[in-house]
Amino acid sequence: MRASRLLSILILLQLRGRMTAEALAEEFEVSIRTVYRDVDALSAAGVPVYGDRGPGGGFQLLDGYRTRLTGLAADEAEAMFMIGMPGPAAALGLGAAAARAGGKLLAALSPPVGEGAGRIGTRFHLDPVDWYHADEAVPFLPAIARAVLDQQAIEMTYESWSGLRDWRVEPLGLVLKAGAWYLVATARRGVQTFRVSNIRTQQVTEDRFERPADFDLSSWWAASLERFETELRPARASIRLSALGRRRLAELGAYAAEAVAAAGAPDENGWAIVSLPIETADKAALTLLGLGPEVRVIEPVELRDSLRDLAEQVMGMTAT
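Just so it is clear, the model here is predicted, and its values are computed rather than measured. Every residue gets a number counted from 1 within its own chain, in the order that chain's sequence is written. At least 70 in pLDDT is required for a residue's local features to be given in this predicted model, at least 80 for side-chain atom pairs to be given and counted, and no such filter applies to totals for whole chains, interfaces and linings, which use all residues. Hydrogens are left out, water is left out, and the side-chain values use all remaining heavy atoms of the structure.

**Observations regarding the pattern of salt bridges**
Applied cut-off: Salt-bridge detection follows one rule: a side-chain nitrogen of Lys or Arg within 4 Å of a carboxyl oxygen of Asp or Glu.
Summed over the entire model, instances satisfying the criterion amount to 8 salt bridges. Linking Glu-279 and Lys-283 is a salt bridge whose minimum nitrogen-to-oxygen distance equals 3.2 Å. Connected through salt bridges with shared partners, the residues Glu-155, Arg-168 and Asp-207 form a single ionic network.

**Looking at the packing of helix α1 (residues 2–16) against helix α2 (residues 21–28)**
Using the following cut-off: Axis definition: a line fitted to C-alpha atoms, limited for helices to the stretch in contact. Angles are taken between N-to-C directions and run from 0 to 180 degrees. Put simply, DSSP H or I for four residues or longer makes a helix, DSSP E for two residues or longer makes a strand, and each gets a number counted from the N terminus. Here the angle decides the label: under 35 degrees means roughly parallel, over 145 means roughly antiparallel, 65 to 115 means roughly perpendicular, and every other value means oblique. Note: crossing handedness is left-handed where the near helix turns anticlockwise from the far helix by less than a right angle, and right-handed where it turns clockwise. Pairs of residues are marked as contacts when any of their non-hydrogen atoms sit within 4.5 Å. For this classification, the nonpolar set comprises Ala, Val, Leu, Ile, Met, Phe, Trp, Tyr, Cys and Pro, the charged set comprises Asp, Glu, Lys and Arg, and every other residue, Gly included, is treated as polar.
As a packed pair, α1 and α2 sit with axes 12 Å apart at the nearest point and diverge in direction by 125 degrees. One element, α1, and the other, α2, form an angle in the oblique class. In this structure, α1 crosses over α2, and the sense of that crossing is right-handed. Contact with α1, carried on its side by Arg-5, Ser-8, Ile-9, Leu-12 and Arg-16, involves Leu-24, Glu-27 and Phe-28 of α2 and no other residues of that element. Its residues placed into classes, the contact of α1 with α2 shows 4 nonpolar, 1 polar and 3 charged.

**Digging into the environment of Thr-280**
Our working definition: Each residue's exposure class comes from its accessible area (1.4 Å probe, protein chains only) as a fraction of the maximum for that residue type: buried when under 20%, exposed when over 50%, partly exposed otherwise. Polar contact is defined as a pair of N or O atoms within 3.5 Å, subject to the rule that within protein one atom must be able to donate a hydrogen and the other to accept it, and that residues adjacent in sequence are counted only when both atoms are side-chain atoms.
Relative to the helices and strands, Thr-280 is located in the loop between β10 (272–278) and α12 (281–289). With a relative accessible area of 36%, Thr-280 lands in the partly exposed category. Taking the C-alpha atoms as reference, Thr-280 lies 7.7 Å from Arg-233; in sequence the two are 47 residues apart. Polar contacts involving the side chain of Thr-280 include one to the main-chain amide nitrogen of Lys-283, which spans 3.2 Å.

**Observations regarding the side chain of Thr-157**
Within the element layout of this structure, Thr-157 appears in strand β4 (residues 152–160). Of note is the side chain of Thr-157, whose polar atom sits 3.0 Å from the side chain of Asp-166.

**So, the sheet that holds β4**
This is how the line gets drawn: Two strands form a pair only when DSSP identifies at least two bridges running between them.
Across the sheet, which stays open at both edges, the 5 strands sit in the order β7-β6-β5-β4-β8 with antiparallel pairing between neighbours. In the strand order of this sheet, the two ends are held by β7 (190–195) and β8 (199–208), each with one partner. Going from strand to strand, the sheet's axes swing by 45 degrees on average, the running direction of each strand aside. Of the strand pairs in this sheet, strand β5 (residues 163–177) and strand β6 (residues 180–187) are connected by 7 bridges, and their pairing is antiparallel. By the bridge assignment, Lys-177 is partnered in β6 with Ala-180. Seen against the sheet, helix α8 (residues 141–150) touches β4, β5, β6 and β8 and runs at an angle of roughly 75 degrees to β5. Seen against the sheet, helix α9 (residues 217–232) touches β5, β6 and β7 and runs at an angle of roughly 115 degrees to β5.

If you want it as structure tokens, here you go:
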């Protein structure tokens, strides 16, 4: 542990130039006295680190000194692919490890290359949560992530639309989509998806399992999404939309945006025919009602009737 901290102090001084004992103590969650002992140990090992007292003081390396030693720890190597995604890394319990790994990688680069790479992290930021939404509470996520990496079975209580059920699953991977975490695991009916925020209790067991050699998380997730979209909206509606109506519809989701993009050429008044995937006529009517006078339903007739009935109900409410 101390050897890793000494290396991390060396890397930080190389990257940041000068740091106070207080800042180093806060960074590594140790006492200031421990920081002084660590700096003495680095000096004794031949590292040219020196300190200045008073305002503006701190520790720094002799000008021009650089180390090529990265010394990635096990957790830092695991966190390599989370560098640049501080939010998801922290949720997985890998935030500190990802930050340390990133620092060690930058330290291993030549100054011009390192400066260019460092700018990426300071000038681009990934925020996976959509507007007007908050991060979901996922207190079990770090433990589940560890089980995924160690290939250990999980016993959990999961709440779905049908109620609470106990499950024993073999976790294959985690997916972050639109701010929500999903667990992909082998369960009773083969590989299934579970929303992590719906897990009410969980216990990582000592039982290990063999991960299927041919399972690819990215490919499985893409196929699962396509299958879900097809099953969720098996029918189609033909509707006419004004330019404003098409813009409003496209904002309702990827499926709607794709339908708008595939629309035919607008007529002389700017209206175009859109083939929209729908679940049922009643649910589609609720969606289209928000478009107001910018939509005309061509077919199915059931959708046209449902939309008319909803509009009449709204008019009746406003008239009283």
